[in-house]
Amino acid sequence: MLSHYFPGTLLPAAFATCVLACTPLYAQAQTQEQAQAANPAPDMAAAPTWKLSGFGTLGVAHSNSREADFSSSILRASGAGASGSWSPNVDSRLGAQLDVSQGAWSGVLQVISEQRLDHSYHPRIEWANIKYQMTPDLAVRVGRIALPVFLGAESRKVGYTIPWVRTPVEVYGALPISSSDGVDATWRWNAGAVRHATQVFSGSTDQDLGYGLQIDAKNILGLSHSIDYGPLTVRLSAARARLNTDIAADLFAGLRMFGPQGQMLAERYAIVDKRVSMISAGASYDPGAWFVTAEMGRTRTDSLLGGGTSVYVGAGWRQGAFTPYVGYAQIRADVATSDPGLSLAGLPPPVAAGAAQINGALNTLLATIPIQTTWSTGVRWDVAADVALKLQFEQVRPRGGSRGTLINSTPAFRSDRTVNVTSLALDFVF
């Protein structure tokens with residue numbers, strides 16, 4: 001059935017694979033529930049409790065640009081635009097989650113299928129951790145855990161839980177890696193009517209980008225603090241890590257062949273044991289009939305990835321089953337997005353030509369540091385329980401010579417042109 005709506009993609013098979021990945025666990029859970037129903041245990045508190053749930057988005061996006069792809073993440077292989085005016089790969093995904101708990105112990109396994117850089121939809125383990133509730137207020141987890149950096153850190157991939165089609169790319173795209181392998185501790189405490197949750201976390205992540213490329217984030221260390229007071233939710237986070245990747249390794253090898261000036265450029269931009277830091281702050285006010293939410297983030301790394309400041313503001317009004325909404329997002333670069341590169345003075349013509357090509361390649365990569373603004377408007381229709389249909393229109397404008405958050409730009413791409421994007425998404429949970 002899905003292949004009729006998404007011809008020529010890997011979406012149907014990958015979605016099925018993701019669901020089947022949890023089938024043995026689901027069968028085990030059902031067998032256990034049936035056995036417990038037939039033979040109740042004397043002490044039900046000692047028996048583990050199993051729960052299988054899932055979520056998904058069937059989406060399609062259209063872009064009027066033919067010079068670059070609009071995408072929800074730089075970790076996608078394609079999007080809407082240069083690769084095709086319509087694309088199901090921007091937002092479509094399927095996830096399955098298994099939860100188990102017994103006394104003070106609990107565990108979670110979450111598997112997600114969405115497009116990867118190698119064009120496949122191979123399922124990936126998003127979460128896999130064990131939690132121990134040491135006291136009613138203090139819990140410790142070990143394993144693969146969501147990075148608690150944004151308001152929607154734990155639900156950013158569950159489209160049904162957010163009013164818009166996708167989390168704003170300008171802000172959430174600054175941290176495309178959403179989980180890490182390590183440990184965290186959360187302490188919940190109250191100050192009068194104000195509820196607090198303070199979380200410290202540490203870990204690492206090793207992401208396969210496809211085509212033999214990887215990105216490693218080591219020595220991740222961070223702190224997140226959440227505040228809830230009636231309809232108000234606030235989250236403040238800070239994190240840092242050491243990054244390593246072999247992206248553009250050939251470029252840096254070429255730079256080093258040009259002596260001290262090339263070695264200096266390679267050292268400045270190569271992503272080898274480079275420190276990256278990030279801070280974020282977000283707030284949401286939702287009294288029921290309407291809501292407003294805003295977040296900002298700032299990243300910094302002394303490498304090709306550069307650094308920037310991003311912000312978004314969104315608001316919506318609930319009118320029965322319909323929720324119209326508007327939003328604005330912006331990201332600006334806090335570093336230079338171009339470099340003079342190697343000096344060509346005094347170089348023999350053939351060598352100067354090679355150096356000019358290297359300079360061009362360096363500046364092409366620096367242009368990927370995003371500078372962009374986006375205006376958006378849309379409507380959410382809660383069709384039925386646990387099902388929502390969303391229609392969203394966006395005007396995306398890369399600026400300052402940058403390609404913004406767009407991917408797969410062609411030689412014909414020019415910054416400072418508005419890209420119109422229309423998205424339709426069906427979100428569901430089960």
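Conventions we followed
Residues numbered from 1 in each chain as written. Predicted model: local features only at pLDDT ≥ 70, side-chain atom pairs only at ≥ 80, totals over all residues. Heavy atoms only, no water. 1 Å grid on protein atoms, 1.4 Å probe; cavity = no way out; pocket = protein on both sides within 12 Å on 5 of 7 lines; lining within 4 Å. Points joined across faces, edges and corners; volume = space filled by probe spheres on them. Helix = DSSP H or I, 4+ residues; strand = E, 2+ residues; numbered from the N terminus. Nonpolar A, V, L, I, M, F, W, Y, C, P; charged D, E, K, R; others polar. Axes fitted to C-alpha atoms, helices over the stretch in contact; angles between N-to-C directions. Parallel < 35°, antiparallel > 145°, perpendicular 65-115°, else oblique. Contact = heavy atoms within 4.5 Å. Polar contact = N/O pair within 3.5 Å; in protein donor to acceptor, adjacent residues only side chain to side chain. Buried < 20%, exposed > 50% of the residue type's maximum accessible area, 1.4 Å probe, protein only. Pairing = 2+ DSSP bridges.

K.L.:
Looking at this structure, I do not really get empty space enclosed by the protein. What am I missing?
P.N.:
Gaps left between atoms are located by rolling a probe of water-molecule size over the structure's atoms. Tallying each qualifying case throughout the model produces four cavities of 30 Å³ or more. If you add up the space inside the largest cavity, you get close to 500 Å³. Around the largest cavity, the lining is made up of 33 residues, and of these Ser-73, Arg-76, Arg-93, Glu-114 and Lys-157 lie nearest the centre. When contributions to the lining of the largest cavity are tallied by element, the ones reaching two or more residues are β6 (105–114), β7 (124–133), α4 (169–172) and β10 (194–210). The residue makeup of the lining of the largest cavity, split by class, is 11 nonpolar, 11 polar and 11 charged. Its boundaries defined by the atoms lining it, the second largest cavity holds a volume of some 200 Å³. Considering the residues around the second largest cavity, the lining is formed by 22 residues, among which Pro-168, Ala-329, Ser-376, Gln-392 and Glu-394 are closest to the centre. The element that contributes the greatest number of residues to the lining of the second largest cavity is strand β16 (residues 322–333), accounting for five residues. When its residues are assigned to classes, the lining of the second largest cavity shows 11 nonpolar, eight polar and three charged.

K.L.:
What am I meant to see in the packing of helix α5 (residues 249–256) against helix α6 (residues 259–269) here?
P.N.:
For any two helices packed against each other, the geometry comes down to the angle between their axes and how far apart the axes lie. Contact geometry of α5 with α6 gives a least axis separation of 7 Å together with a crossing angle of 150°. As judged from the angle between their axes, α5 and α6 are roughly antiparallel. Across from Phe-252, Leu-255 and Arg-256 in α5, the residues of α6 making contact are Gly-259, Gly-262, Gln-263, Leu-265, Ala-266 and Tyr-269.

K.L.:
Would you explain the environment of His-225 in this entry?
P.N.:
Following the sequence through the fold, His-225 ends up in strand β11 (residues 213–229). Expressed as a C-alpha distance, the spacing of His-225 and Ala-238, which sit 13 residues apart in the sequence, is 9.3 Å. At a separation of 3.0 Å, a polar atom in the side chain of His-225 contacts the side chain of His-196. Among the polar contacts listed, one links the side chain of His-225 to the side chain of Thr-198, at a separation of 2.8 Å.

K.L.:
Looking at this structure, I do not really get the side chain of Ser-226. What am I missing?
P.N.:
Positionally, Ser-226 belongs in strand β11. Take Ser-226: its relative accessible area is 16%, and that puts it in the buried class. Side chain to side chain, Ser-226 and Arg-235 meet in a polar contact 3.4 Å long. Beyond its immediate sequence surroundings of up to four residues, Ser-226 is in contact with Arg-195, His-196, Ala-197, Val-234 and Arg-235.

K.L.:
I keep staring at the pairing of β6 and nothing clicks. Help me out?
P.N.:
Remark: a regular strand shows side chains that alternate across the two faces of the sheet. The element β6 is extensively covered by neighbouring structure, given that seven of its 10 residues are classed as buried. In terms of strand pairing, strand β5 (residues 93–102) meets β6 through 10 bridges, oriented antiparallel. Opposite Gly-95, over in β6, you have Ile-112 as the bridge partner. Connecting β5 to the antiparallel partner β6 that follows it, the hairpin turn spans two residues, and Gly-103 within it adopts a positive phi of roughly 65°. By the bridge criterion, eight bridges tie β6 to β7 in an arrangement that is antiparallel. Looking at the pairing, Gln-110 lines up with Trp-127 of β7.

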